[in-house]
Amino acid sequence: MTAATEVPAGRHGDGAAPVIFALATGAGRAAIAVMRISGAGSDAILRSLCGGLPEPRRASLRGIWRRDADGGKGVLLDRAVVLWFPGPNSYTGEDSAELHLHAGPAVISGVADALVALGARPAEPGEFTRRAFASGRLDLVQAEGIADLIDAETEAQRRQALAQADGAQSRLYEDWAARLRTALAHQEALIDFPDEDLPPEVEDEMLGTIAGLRDEMQAYLDDGSQGERLRRGLVFAIVGEPNVGKSSLLNALAQRDAAIVSSRAGTTRDAIEVRVVLGDAPVTLVDTAGLRETEDEIEAEGVRRALFHVKQADCVIHVFSGAAVPDKVGPDSIMVCNKIDEVAAPPGITAISVRSGEGMETLRDVLAQRARDLTQGRAAAPLTRARHRAAIEETARHLARAADDAWPEVRGEEMRLAMRALGRLTGAVDVEALLDTVFGQFCIGK
């Protein structure tokens, strides 16, 4: 390569993706900052920075240098632990490296400038994981699991996200896809080669597979959205008439003064939200305006918003005080009688006194159990996103139409549409896999 055609280490004239870099650790004062590098040409960049490549996957203490324009030694930026991951055995599937730097802003900025000078560029959001998907290291469902793992607030969220990132959902979906490919191969053979004297049980087996897959998917969908609720968190709305202690209860559950408490009725006008953890699930508690008829325009708007939150909530905590249960109560509401230090509670109702603390532990247990019931089912690989649910619903619809249609060509088209919908779920719509199944099982090429 002549001097006129030379390009920096991180850029290539063959159209290859450029080397990218980004901090893998958060901003702020810390001891260590991890800079990740990935892409064809990472080896040349690492040689320039460190004077050579470390042994693959072994930590090595190296000086990090910004070289002079003439290739001289230049300026020492830091002494860092360096890791080298040659592709395809890396997170992205590309040649990759990690620089474990001291986390001073000047160090990070100096190393970033050196990387840019060598032809690398800052990564876009999610670009490392996108490259991992493009190289086949993970599918779309696993990539979403990694995003959820990063955002996990509770142990239950961590377990769910880690199982998804490790492929629990993907294995289930791939099993469905493999069975559907086999059934579609049978259907294509029945359409295209009617004179091959295929055994009659081939069609029966195919129809049985379609019906079985449809039923499995429908059962999977009928999960009460538990995985989706755990991922996004729950909303518990606290409702009731004015002055029954809703705001006091919010403060007690949040263990801080989040809402103004007053003996004056109608103090709470707008919804006040507080994030807590109940039953190992993140829960947003919403304190709402007291439910009553009012001539006050602002308070009436607060009541309207309260009713809106009731409709949107995963659970309603209906607070009252007195010996009689209110008439207008939702079917799944948790009834809570407050002020039992002043008035006796009706039998069979969770009874508390926010003022004295009596019954509060019991109420927390009740709320925690409701949160567990709403988020933690028996499914090993629960649905976690609306995108997954929509794709499986579409797949099941096409399978139902295929099972009900007597025309082989129409049935085959519905099965192909089901295969495509299922493939969009993981990002793998593989025509070649279908062809391999057809030719491998029926020797059509003879």
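Bear in mind the structure is a predicted one, so any value in this text is a computation, not a measurement.

> Would you mind going over the overall build of the protein in detail, with residue names and values included?
When its secondary structure is counted, the protein shows 14 helices and twelve strands. Counting every position in the protein, which comprises 446 residues, the buried fraction comes to 44%. Pairs at least 24 apart in sequence give 59% of the contacts found in the protein among residues at least 6 apart. Accessible surface, the protein as shown: approximately 22,900 Å² in total, 51% of it carbon and sulfur.

> Tell me about the packing of aromatic side chains, and please be specific about residues and values.
The tally for this structure, following the rule as stated, stands at three aromatic pairs. Ring plane angle 35° and centroid distance 5.8 Å describe the contact between Tyr173 and Trp176, whose orientation is recorded as tilted. With Tyr173 and Trp176 both in helix α6 (residues 168–192) and three residues apart, this pair spans about one turn of that helix. Residue Trp176 is classed as buried on the basis of its relative accessible area of 2%. Aromatic pair Tyr173 and Tyr220: ring centres 6.2 Å apart, planes at 80°, arrangement edge-to-face. Of the two residues, Tyr173 sits in helix α6 while Tyr220 sits in helix α7 (residues 201–221), which places them 47 residues apart along the sequence. Sitting over the face of the ring of Phe128, Arg36 holds its NZ or CZ atom 4.7 Å from the ring centroid.

> I'd like to hear about the sheet that holds strand β6 (residues 121–122), residue by residue, with values.
Sheet architecture is open: six strands sit in the order β3-β4-β5-β2-β1-β6, paired in mixed fashion. Bordering the open sheet on either side are β3 (60–66) and β6, each of which pairs with just one other strand. As paired strands, strand β1 (residues 20–23) and β6 are joined by two bridges and run parallel to one another. Bridge pairing in β6 places Phe21 opposite Pro122. The strands that helix α1 (residues 42–50) touches are β2 (32–38), β3, β4 (75–85) and β5 (96–102); relative to β3, the one it contacts most, it runs at about 85°. Along the sheet face, helix α2 (residues 105–117) touches β1, β2, β3, β4, β5 and β6 and points at about 10° away from the line of β2.

> Could you give an account of helix α13 (residues 408–426), naming the residues involved and the relevant values?
Taking 1.5 Å per residue as the helical rise, α13 with its 19 residues ought to reach 27 Å, and the 28 Å between its terminal C-alpha atoms agrees with that figure. Residues of α13 that are buried include every one of Arg411, Gly412, Glu414, Met415, Ala418, Met419, Ala421, Leu422, Gly423, Leu425 and Thr426, and no others. After α13 finishes, the residue Gly427 shows a positive phi value of roughly 90°.

> Tell me about the UniProt feature "binding site: (6S)-5-formyl-5,6,7,8-tetrahydrofolate" (unreviewed entry) in the protein, residues and numbers included.
Per the UniProt annotation, the sites labelled "binding site: (6S)-5-formyl-5,6,7,8-tetrahydrofolate" (unreviewed entry) are Arg36, Glu98, Arg137 and Lys446. The topology assignment puts Arg36 in strand β2. Structurally, Glu98 is set in strand β5. Discounting residues that sit within four places of it in the chain, Glu98 has contacts with Val34, Met35, Arg36, Val81, Val82, Leu83 and Phe85.

> So what about the nonpolar core? Which residues, and what values?
Counting 28 residues, the largest nonpolar core has Phe236, Leu249, Val283, Leu285, Ile317 and Leu367 as the members making the most contacts within it. Broken down by secondary-structure element, the contributors of at least two residues to this core are β7 (234–239), α9 (246–254), β8 (272–278), β9 (281–287), β10 (315–320), β11 (334–337) and α11 (360–375). The element contributing the most residues to this core is α11, with five residues. In this view, Leu367 contacts Phe236, Leu253, Leu278, Ile317 and Ile334; residues no more than four positions away in its chain are not counted.

> Which residues make up α7, and what values do they have?
Taking 1.5 Å of rise per residue, 21 residues should cover 30 Å, and α7 covers 30 Å from first to last C-alpha, within 8% of that figure. Where α7 is concerned, the buried positions are Val202, Met206, Ile210, Leu213, Met217, Tyr220 and Leu221. Take α7 and look down its axis: the buried residues cluster within an arc of 100°, on one side only. Among the exposed residues of α7, those pointing more than 90 degrees away from its buried face are Asp204 and Ala219.

> Requested: an account of the packing of α7 against helix α12 (residues 386–404), with residues and values cited.
Between α7 and α12, whose axes approach to 9 Å, the crossing angle comes to 150°. Here α7 lies roughly antiparallel to α12, going by the angle between them. The two elements α7 and α12 cross, and the hand of that crossing is left-handed. The residues of α12 that touch α7, namely those facing Ile210, Leu213, Arg214, Met217, Tyr220 and Leu221, are Arg389, Ile392, Glu393, Thr395, Ala396, Leu399, Ala400, Ala402 and Ala403. When its residues are assigned to classes, the contact of α7 with α12 shows eleven nonpolar, one polar and three charged.

> Before we move on, could you go through the pairing of β1 and cite the residues and values that matter?
Pairing geometry for β1 and β2, over four bridges, is antiparallel. What sits directly across from Leu23, in β2, is Met35.

> Now, about the pairing of β9: what can you tell me, with residues and values included?
Among the seven residues of β9, seven are classified as buried, and the element is accordingly described as predominantly covered. Both faces of β9 are covered, namely the face carrying Ala281, Val283, Leu285 and Asp287 and the face carrying Pro282, Thr284 and Val286. One ladder, built from five bridges, connects β7 with β9; its direction is parallel. If you follow Phe236 over to β9, its bridge partner there is Leu285. Both β8 and β9 contribute to a ladder of seven bridges, which runs antiparallel. Note on β9: the bridge partner recorded for Val274 is Leu285.

> Outline the pattern of salt bridges, listing residues and values.
Taken as a whole and judged by the stated rule, the model has 27 salt bridges. Among the salt bridges present, the one from Arg159 reaches Asp280, with a minimum N-O distance of 3.8 Å. Of this pair, Arg159 sits in helix α5 (residues 155–165) while Asp280 sits in the loop between β8 and β9, and the two are 121 residues apart along the sequence. Since its relative accessible area comes to 41%, Arg159 is described here as partly exposed. Under the relative-accessibility criterion, Asp280 is labelled partly exposed at 24%. A salt bridge links Asp341 to Arg355, with the shortest nitrogen-to-oxygen separation between them at 3.8 Å. Taken as a pair, Asp341 in the loop between β11 and β12 (350–351) and Arg355 in the loop between β12 and α11 lie far apart in primary sequence, 14 residues in all. Here Arg355 falls in the exposed class, since its relative accessible area comes to 68%.

What counts, and where the lines are drawn
- Residues numbered from 1 in each chain as written.
- Predicted model: local features only at pLDDT ≥ 70, side-chain atom pairs only at ≥ 80, totals over all residues.
- Heavy atoms only, no water.
- Helix = DSSP H or I, 4+ residues; strand = E, 2+ residues; numbered from the N terminus.
- Buried < 20%, exposed > 50% of the residue type's maximum accessible area, 1.4 Å probe, protein only.
- Contact = heavy atoms within 4.5 Å.
- Areas by Shrake-Rupley, 256 points an atom, 1.4 Å probe, with all protein chains shown as cover.
- Phe/Tyr/Trp six-rings, centres within 6.5 Å; stacked < 30°, edge-to-face > 60°.
- Lys NZ or Arg CZ within 6 Å of the ring centre and 35° of its normal.
- Pairing = 2+ DSSP bridges.
- Axes fitted to C-alpha atoms, helices over the stretch in contact; angles between N-to-C directions.
- Expected span 1.5 Å × (residues − 1).
- UniProt positions renumbered as here; feature names shortened; annotations may be inferred.
- Core = buried A, V, L, I, M, F, W, Y, C linked by side-chain atoms within 4.5 Å.
- Arc of directions from axis to C-beta.
- Parallel < 35°, antiparallel > 145°, perpendicular 65-115°, else oblique.
- Left-handed = near helix turned anticlockwise from the far one by under 90°.
- Nonpolar A, V, L, I, M, F, W, Y, C, P; charged D, E, K, R; others polar.
- Salt bridge = Lys/Arg side-chain N within 4 Å of Asp/Glu carboxyl O.

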